[in-house]
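Report on the structure
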Amino acid sequence: MKNIVIKTDKLTKRFGDFIATNEISFEVYDGEIFGFLGANGAGKTTAMKMLCGLSTPSSGSATIAGFDVYKQTEQIKKNIGYMSQKFSLYEDLNVIENIEFYGGIYGLTRKQLAHKTGELITQLGLQTEAKKLVGSLPLGWKQKLAFSVAVLHEPKIVFLDEPTGGVDPITRRQFWDLIYAAADRGITIFVTTHYMDEAEYCNRISMMVDGVMKALDTPAQLKQQFNAGSMDEVFFELARGAKRKAD
Amino acid sequence: MNEVIVQQVYKTYQHQEIKAVSDVSFSVKKGELFGLIGPDGAGKTSLIRMLTTLLLPDAGSATVHGFDMVKDFREIRKRVGYMPGKFSLYADLTVEENLSFFATVFNTSIDANYDLIRDIYVQIEPFKNRRAGKLSGGMKQKLALCCALIHRPEVLFLDEPTTGVDTVSRKEFWDMLKRLKQQGITILVSTPYMDEASLCERIALLQAGKIMSIDTPENIVQQYPGKLYAIKSASMSNLLQELRNYAPINSCYAFGEYHHISFEKETSNMQNELIRYLQSKHQHALELKPVQPTIEDCFIKLMNATV
Amino acid sequence: MKQFTSFVRKEFYHVFRDPKSLLILFGMPITLIVLFGFALTNEIKNARIVVCDYARDAASQQIISRLSVSNNFSIHQSIMSHEELESSFKSGNIQLAIVIPAHFNDDLLHLKHAQLQIIADASDPNTATTLTSYAQSVINSYQQELRSYHKSGLQIIPEIRMLYNPELKGATNFVPGVMALVLLLVCVLMTSVSIVREKELGTMELLLVSPFNPMMVIVAKAVPYFVLSLLNLALIVLLSVGLLGMPFQGSVLLLFAVSSLFIITALSLGLLISNSTSSQQTAMLISLMGMLIPTMMFTGFLFPLENMPVALQVIANAVPSKWYYSIVKSIMIKGLGFSAIWKETLILLGMTIFLLTISFKKFKTRLA
């Protein structure tokens, strides 16, 4: 019997007349790698913001790590991690300062922080870079560091918004090694991506089209269902009828 | 006839601390669809900015349509179309206003070359009175492309036009590019997506400012050393670990549904031995088959070779 | 609590690693204290007073010697005709004139009353009132002395004339200053931000890769602000004349002609700033901080320039609004024509040409 860490029921977000997210209902299980896919403008970002406690839903319900998305957003934030391509770390702080800052924000004790910082730096091989400003690091290292910082406090769930955009193929796979390692430690991964091969690494996938969740299953089942040879084809089948090609 | 010729170009930033482009040379034939393939930091944007005369190289030279990149930059600026990586049109002007503004900037009119942009423009025409800032990402792309084509350029430079865009929109964009190529326009496009490489006629694989390979996608794939295999099992992440610990395998990378592996030494029995080894490690539902390398496989191989 | 300290620590890092913040935090207070402390004072120093002594008798000598006591005033004795006095006031050579008529002493002793004239340049009403009060107090104390000596109620009656601004309207002082300030700030700020915005948004890239001469971009951006500034000017003039009763003696055409020149000066400054920065924020910061403080301090409408140390007066000469301010006052309040302001106008013209030349030279036809 798997634990449910995210549960939504007809979760909706309206902006005036426009329904960005339309009654999505789904569950995410403990320790899962859950792929949240969809075209730009399909409603992914809006949905993710609601799940992170950053935006209040218009209607419907959701619980994240057991906390209600309307009334307990502060507890939600304490129990999740977040990383996006646009912002991850402070460029004018060095590696150690970034780690210490986020550790402090999430309430790690000084001892925990010291231990974790050393562990992280060794794990990522950043010993010579530790005192360098993050802005001077290559993109791939920044992303890996950002992910590690997002899971520093061992949250229940980590939300990743297109974390591997623009990164070289080897670093991309190293990043997924980190994701696997985190999933092994029991952290649930909620990730969006435009790389269809990454969709295959997920336990289950959902696809948003025009604000509605059009599919939810394992990659293997989806390929069977749509008689497709790859996730690329599945995506194409589902998305090409979309009316909203928005960003 | 070469539209673009690049010779040993170098570009550095921050007093030579950042080596963005190192000794890059290549050429693009007239009417060719040429791809610069590489991740962020490969030097794609720096190269394109130099070729569109926005930046000066530290060393080396290049010509576009016969004009020198440094000395004849004014001539180049009259004849190229440019779509920068970031949306660079006027957000508070409408679609139509943007288009007619750039038409006048290029001393032409929308009608003069309408046939060139018609296929693209009809897709955004219903929104012609909407402010550009309020367009969706895909529509912004299309508008930017129209503005880059409005004067019928000799060469079209597109800097990461499909970045951050989903696969369906990306496919549509490349279809548009193919149709443009048929009109005789030389196109130089950069992209971090390896799967788009096969849509180009010829590509240059770039990493950390250096060219790793220039050829047609087919040739590059053919040049892949050794044989490549795809393998999958019921538990892929464990499989990956096991494969990495297995000595006869010298490279192993996740590739979606399958892992791609290659062996250190080709022996007749290596496949069976591998299966047996994995079964002993409690892997089941194994599938192993030879597979054609993709550009991404080649890219990874080349990256490791340069290290 | 630990979260809070974590955050505070991070904010300190940001501040100390950003040179701009440091400049504002430490540079500004030091500059302001030094400048205000040493330079700016409302006290009158070195006021130029001319005494036309037609009497040349005991009484007039007494008055003159008492006036000369204070170091703040430099008394110059000279017999000037009416016209000469007028032109001295017009050119700003004197701020106060005291005319002592002939037979001053005799009138006092025999008629028991005598008149003298105090004429002040009231285009700066504050200085005029201060100087006039000073002169009056000197004369009063002399009057008291005479009374106690002669034991009779003799009277020295000063006839006070406030030139150019008889009602001592404060507007005459600050309106030209406001004009200079508004035009300068609006033009510099708006132009620099507008050009830098194109750079920041990336539209400048597209414009550069086109046959369009990017310098035309600059001119095109300046035109709306030029027109709007002239409208702005008209508005200020209408309001100050209509509502505040500001005098307008001179030629409207001349005022707008010279103002057009000043607007171009300001626009060129904005252009120069935009060439050197790539973020709107920096452009705004330089425009406001770099322009506001020198303009407020060195134009002459808040703090009289004559009262500053020589070094700062020299610096003030480099501030365009200083020259514009004096031109505006000459035209609006003193009703003077081009012959009186050609020197200042030439200086403004020279500054404009200089700024434009540098800006166009520094204009980048490439991104870097």
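What you see is a predicted model; the values in this text were computed from it and never measured.

**Let's talk about the interface of chain B and chain A**
If you look at the interface, chain B gives 26 residues, while chain A gives 28 residues. Looking at the side of chain B that touches chain A, the elements that each hand over two or more residues are helix H5 (137-149), helix H6 (167-182), strand E12 (249-255) and helix H10 (295-306) of chain B. Of all the elements, H10 of chain B adds the most residues to the side of chain B that touches chain A, at four residues.

**A look at the environment of alanine 122 of chain C**
Residues and elements named next belong to chain C. Take alanine 122: it is sitting in the loop between strand E4 (113-121) and helix H6 (125-150). In this structure, the C-alpha to C-alpha distance between alanine 122 and phenylalanine 104, residues 18 residues apart in sequence, is 26 Å. Residues within four places of alanine 122 in sequence aside, it is in contact with Ala128, Met162, Leu163, Tyr164, Asn165 and Leu168.

**Looking at the domain arrangement of chain C**
Residue and element names in this part refer to chain C. Under the domain assignment, chain C is made up of domain 1 (2-39), domain 2 (47-163) and domain 3 (171-362). Each partner contributes to the interface: domain 2 provides six residues, whereas domain 3 provides eight residues. Residues of the side of domain 2 that touches domain 3, tallied by class, amount to one nonpolar, three polar and two charged.

**Focus on the pairing of E4 of chain C**
Residue and element names in this part refer to chain C. Bridging between strand E3 (residues 96-100) and E4 involves four bridges; their strand directions are antiparallel. Counted as the bridge partner of valine 99 is glutamine 117 from E4. As judged from the nine bridges shared by E4 and strand E5 (residues 155-163), these two strands associate in the parallel manner. Bridge pairing in E5 places glutamine 117 opposite glutamate 159. Regarding topology, H6 serves as the crossover connection from E4 to the parallel E5, and that connection is right-handed.

**Let's talk about the interface of chain C and chain A**
Each partner contributes residues to the interface: chain C has nine residues there, and chain A has eight residues. For the side of chain C that touches chain A, a count of residues per class yields two nonpolar, four polar and three charged.

**Quick look at the packing of helix H7 (residues 171-201) of chain C against helix H9 (residues 214-242) of chain C**
Residue and element names in this part refer to chain C. Between H7 and H9, the least distance of the axes is 10 Å, while the angle of their chain directions is 160 degrees. Considering the angle they form, H7 stands roughly antiparallel to H9. Helix-helix and strand crossings are classified by hand; for H7 and H9 the assignment is right-handed. For the pair formed by H7 and H9, the contact residues are Ala171, Val175, Val178, Met179, Val182, Leu183, Val186, Cys187, Met190, Thr191, Ser194 and Ile195 on the first element and Ile218, Lys221, Ala222, Tyr225, Ser229, Asn232, Leu233, Ile236 and Ser240 on the second.

**With respect to helix H4 (residues 114-124) of chain B**
Residues and elements named next belong to chain B. Of the residues making up H4, those classed as buried are Ile117, Tyr121 and Ile124. For H4, the buried positions fall inside an angular range of 45 degrees around the axis, keeping them on one side. Exposed residues lying more than 90 degrees from the buried face of H4 are Asp115, Arg118 and Val122. For H4, the secondary structure elements touched by its buried residues are helix H3 (95-105) and H5.

The rules behind the values
Residues numbered from 1 in each chain as written. Chains lettered and ligands numbered in written order. Predicted model: local features only at pLDDT ≥ 70, side-chain atom pairs only at ≥ 80, totals over all residues. Contact = placed C-beta atoms within 7 Å. Helix = DSSP H or I, 4+ residues; strand = E, 2+ residues; numbered from the N terminus. Domains from an automatic or database assignment. Nonpolar A, V, L, I, M, F, W, Y, C, P; charged D, E, K, R; others polar. Pairing = 2+ DSSP bridges. Right-handed = clockwise from strand over helix to strand, strands pointing away. Axes fitted to C-alpha atoms, helices over the stretch in contact; angles between N-to-C directions. Parallel < 35°, antiparallel > 145°, perpendicular 65-115°, else oblique. Left-handed = near helix turned anticlockwise from the far one by under 90°. Buried ≥ 20, exposed ≤ 12 C-beta atoms within 10 Å, placed from the backbone. Arc of directions from axis to C-beta.

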